[in-house]
Amino acid sequence: MTARPWRITPEGIEVRVRATPRGGRDALDGIETRDDGAAVLKVRVRAAPEDGAANAAVRDVLRRALGLPASAVALTTGATARIKLFRIAGDGPALAARLDGLTETPSKGGA
């Protein structure tokens, strides 16, 4: 099982994100385990990393994927870095389950 880049908190969840600006589309791109062993949620956005546009686009991808209002998703660290930490307000276990469903890799092959 792949490590998860989120953790449940009393207020919701915290998600470690690796952002790819100018990624050609706005989408969740799965989970990656970095060389240091840390898991990150890959998010690509069309926006350029200028004047906070890419951060706003990442926030929008997260809130749309989870069906939340923009006010529920906040960037807490990494405003100018590729690796960012977002806090998402809500029911932590339900949000984690939703992210699990969105990042599952379908099994290949058959019986």
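Coordinates for the structure precede this section.
About the thresholds
- Residues numbered from 1 in each chain as written.
- Predicted model: local features only at pLDDT ≥ 70, side-chain atom pairs only at ≥ 80, totals over all residues.
- Heavy atoms only, no water.
- Helix = DSSP H or I, 4+ residues; strand = E, 2+ residues; numbered from the N terminus.
- Expected span 1.5 Å × (residues − 1).
- Contact = heavy atoms within 4.5 Å.
- Buried < 20%, exposed > 50% of the residue type's maximum accessible area, 1.4 Å probe, protein only.
- Pairing = 2+ DSSP bridges.
- Core = buried A, V, L, I, M, F, W, Y, C linked by side-chain atoms within 4.5 Å.

## Quick look at helix 1 (residues 53-66)
Helix length check: helix 1, at 14 residues, gives a terminal C-alpha distance of 20 Å against a target of 20 Å (1.5 Å per residue), a fit within 8%. Residues of helix 1 that are buried make contact with strand 2 (12-20), strand 3 (27-33), strand 4 (39-44), strand 5 (73-77), strand 6 (83-89) and helix 2 (92-103). Where helix 1 ends, the next residue or the one after it, Gly67, has phi of about 65 degrees, a positive value.

## Structural notes on the pairing of strand 2
Burial within strand 2 is extensive, with 8 of its 9 residues counted as buried. When strand 1 (residues 6-9) meets strand 2, the two strands line up antiparallel, connected through 4 bridges. In the strand pairing of strand 2, Arg7 is matched with Glu14. Looking at chain direction, strand 2 and strand 6 are connected through 7 bridges and run antiparallel. Within strand 6, the residue paired with Arg18 across the bridge is Ile83. Sheet analysis places strand 2 next to strand 4, joined by 4 bridges and oriented parallel.

## Here we look at the nonpolar core
Counting 22 residues, the largest nonpolar core has Val15, Val58 and Ile88 as the members making the most contacts within it. Counting residues per element, the ones that place at least two in this core are strand 2, strand 4, helix 1, strand 6 and helix 2. Broken down by element, this core gets its largest block of residues, 6 residues, from helix 1. The contacts of Val58, once residues within four sequence positions are left out, are Val17, Ala19, Val43, Val45 and Phe86.

## Quick look at unusual backbone geometry
Even without a glycine there, the phi angle at Arg22 is positive, about 55 degrees. Relative to the helices and strands, Arg22 is located in the loop between strand 2 and strand 3. According to the relative accessible area criterion, Arg22 is exposed, its value standing at 56%. In this structure, Asp51 is a non-glycine residue whose phi angle is positive, near 55 degrees. Within the secondary structure layout, Asp51 lies in the loop between strand 4 and helix 1.

No statement about biological role is implied by the geometric values presented.
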